[in-house]
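Structural overview for review
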Amino acid sequence: MALTDWQIALIVVGAVIVVYSLLSAVLLRAPPLPWTRRKRPWPHDTRRIAHRGGSMIGPENTLLTFRRALATGAVDMLELDVCLTADGVVVVAHDESLDRNCGVPRGIPE
(Lines give C-alpha, C1' and ligand atoms only; values in the text may rest on other atoms or scores of the structure.)
Protein backbone atom coordinates (compact mmCIF):
# COMPACT_ATOMS: atom_id res chain seq x y z
CA MET A 1 0.00 0.00 0.00
CA ALA A 2 1.45 3.37 -1.02
CA LEU A 3 1.51 6.32 1.36
CA THR A 4 0.14 9.68 0.31
CA ASP A 5 2.14 12.87 0.57
CA TRP A 6 0.31 14.11 3.69
CA GLN A 7 0.85 10.76 5.43
CA ILE A 8 4.59 10.97 4.70
CA ALA A 9 4.67 14.57 6.00
CA LEU A 10 2.83 13.50 9.17
CA ILE A 11 5.33 10.68 9.77
CA VAL A 12 8.30 13.05 9.27
CA VAL A 13 6.86 15.68 11.64
CA GLY A 14 6.13 13.00 14.25
CA ALA A 15 9.67 11.63 13.94
CA VAL A 16 11.16 15.12 14.37
CA ILE A 17 9.10 15.71 17.51
CA VAL A 18 10.11 12.35 18.99
CA VAL A 19 13.81 12.90 18.24
CA TYR A 20 13.68 16.45 19.63
CA SER A 21 11.98 15.28 22.82
CA LEU A 22 14.42 12.42 23.35
CA LEU A 23 17.47 14.61 22.77
CA SER A 24 16.11 17.31 25.05
CA ALA A 25 15.30 14.81 27.77
CA VAL A 26 18.75 13.22 27.58
CA LEU A 27 20.87 16.34 27.10
CA LEU A 28 18.88 18.95 29.00
CA ARG A 29 16.88 16.77 31.39
CA ALA A 30 13.73 18.53 30.18
CA PRO A 31 12.66 20.04 26.87
CA PRO A 32 12.79 23.86 26.95
CA LEU A 33 9.23 24.44 25.86
CA PRO A 34 7.66 27.85 26.54
CA TRP A 35 4.76 26.44 28.53
CA THR A 36 7.12 24.46 30.82
CA ARG A 37 9.21 27.43 31.95
CA ARG A 38 8.61 28.60 35.47
CA LYS A 39 8.22 32.31 35.92
CA ARG A 40 10.12 33.76 38.83
CA PRO A 41 7.92 35.72 41.20
CA TRP A 42 8.87 39.31 41.98
CA PRO A 43 10.79 39.01 45.28
CA HIS A 44 9.49 42.29 46.71
CA ASP A 45 6.05 43.30 47.94
CA THR A 46 6.34 46.74 46.36
CA ARG A 47 3.83 47.21 43.58
CA ARG A 48 2.96 50.92 43.41
CA ILE A 49 5.61 53.61 43.30
CA ALA A 50 4.87 57.35 43.46
CA HIS A 51 7.30 58.79 40.92
CA ARG A 52 8.68 62.11 42.25
CA GLY A 53 6.16 61.77 45.05
CA GLY A 54 3.21 61.72 42.69
CA SER A 55 3.49 64.87 40.63
CA MET A 56 -0.23 64.81 39.83
CA ILE A 57 -1.18 65.49 43.46
CA GLY A 58 1.22 68.33 44.18
CA PRO A 59 4.53 69.94 43.35
CA GLU A 60 6.96 67.16 42.49
CA ASN A 61 9.74 66.18 44.88
CA THR A 62 8.33 68.14 47.83
CA LEU A 63 7.52 66.99 51.35
CA LEU A 64 3.93 68.07 50.81
CA THR A 65 3.52 65.74 47.84
CA PHE A 66 5.32 62.87 49.57
CA ARG A 67 3.00 63.22 52.57
CA ARG A 68 -0.10 63.40 50.35
CA ALA A 69 0.96 60.28 48.45
CA LEU A 70 1.49 58.34 51.68
CA ALA A 71 -1.78 59.65 53.16
CA THR A 72 -3.77 58.23 50.24
CA GLY A 73 -2.57 54.75 51.14
CA ALA A 74 -2.38 53.99 47.43
CA VAL A 75 1.42 53.78 47.18
CA ASP A 76 3.97 51.35 48.55
CA MET A 77 7.10 53.36 47.80
CA LEU A 78 8.20 56.90 47.06
CA GLU A 79 10.76 57.63 44.34
CA LEU A 80 12.86 60.76 44.28
CA ASP A 81 15.92 62.06 42.46
CA VAL A 82 18.82 63.79 44.15
CA CYS A 83 21.53 66.11 42.82
CA LEU A 84 24.70 67.46 44.37
CA THR A 85 25.25 71.20 44.18
CA ALA A 86 28.62 72.81 43.52
CA ASP A 87 29.04 73.54 47.24
CA GLY A 88 28.34 69.90 48.19
CA VAL A 89 24.71 70.18 49.31
CA VAL A 90 22.35 67.33 48.37
CA VAL A 91 19.04 68.57 46.93
CA VAL A 92 15.97 66.67 45.76
CA ALA A 93 15.35 67.53 42.12
CA HIS A 94 14.50 65.61 38.97
CA ASP A 95 15.95 67.97 36.37
CA GLU A 96 19.47 69.30 36.16
CA SER A 97 18.17 72.84 35.83
CA LEU A 98 15.64 75.02 37.64
CA ASP A 99 13.97 76.16 34.42
CA ARG A 100 10.99 73.77 34.26
CA ASN A 101 9.93 73.99 37.91
CA CYS A 102 11.02 77.49 38.91
CA GLY A 103 11.44 79.37 35.62
CA VAL A 104 15.07 80.12 36.43
CA PRO A 105 17.46 79.24 33.58
CA ARG A 106 20.24 77.96 35.86
CA GLY A 107 21.59 74.51 36.48
CA ILE A 108 21.24 72.96 39.91
CA PRO A 109 24.93 72.07 40.26
CA GLU A 110 25.82 75.79 39.91
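Note that the structure is predicted; figures quoted are calculated from it, not measured.

For helix α2 (residues 63-72), the complete set of buried residues consists of Thr-65, Phe-66 and Ala-69. Taken around the axis of α2, the buried residues stretch over an arc of 100°, which confines them to a single face. Facing away from the buried side of α2 by over 90 degrees, the exposed positions are Leu-63, Arg-67 and Ala-71. Looking at the buried side of α2, the elements it contacts are β1 (49-51) and β2 (77-79). Two residues or fewer after α2 comes Gly-73, characterised by a positive phi angle close to 75°.

Take the side chain of Thr-85 next. Here Thr-85 lies in the loop between β3 (82-84) and β4 (90-92). We classify Thr-85 as buried; its relative accessible area is 15%.

Turning our eyes to something else, we now look at the pattern of salt bridges. For the structure shown, the criterion picks out two salt bridges. We note a salt bridge from Arg-52 to Glu-60, for which the minimum N-O separation is 2.9 Å. Residue Arg-52 shares its accessibility class with Glu-60, and that shared class is buried.

This part covers the confidence of the model for the protein. For the protein, per-residue confidence averages 80 on the pLDDT scale, and residues scoring 70 or more make up 85% of the total. Here helix α3 (residues 99-102) stands out as the least confident element of the protein, with mean pLDDT 76; α2 is the most confident, with 87.

A positive phi is found at Asn-61, a non-glycine position, where the angle reads about 60°. Note that Asn-61 resides in the loop between β1 and α2. Assessed through its relative accessible area of 10%, Asn-61 is described here as buried.

Next up on the list: the environment of Ala-69. One can find Ala-69 in helix α2. The class for Ala-69 is buried, based on a relative accessible area of 3%. Expressed as a C-alpha distance, the spacing of Ala-69 and Gly-53, which sit 16 residues apart in the sequence, is 6.4 Å. Look past the residues within four positions of Ala-69 in its chain and what remains in contact with it is Ala-50, Gly-53, Ile-57, Ala-74, Val-75 and Leu-78.

The rules behind the values
- Residues numbered from 1 in each chain as written.
- Predicted model: local features only at pLDDT ≥ 70, side-chain atom pairs only at ≥ 80, totals over all residues.
- Heavy atoms only, no water.
- Buried < 20%, exposed > 50% of the residue type's maximum accessible area, 1.4 Å probe, protein only.
- Helix = DSSP H or I, 4+ residues; strand = E, 2+ residues; numbered from the N terminus.
- Arc of directions from axis to C-beta.
- Contact = heavy atoms within 4.5 Å.
- Salt bridge = Lys/Arg side-chain N within 4 Å of Asp/Glu carboxyl O.
- pLDDT = per-residue confidence, 0-100.

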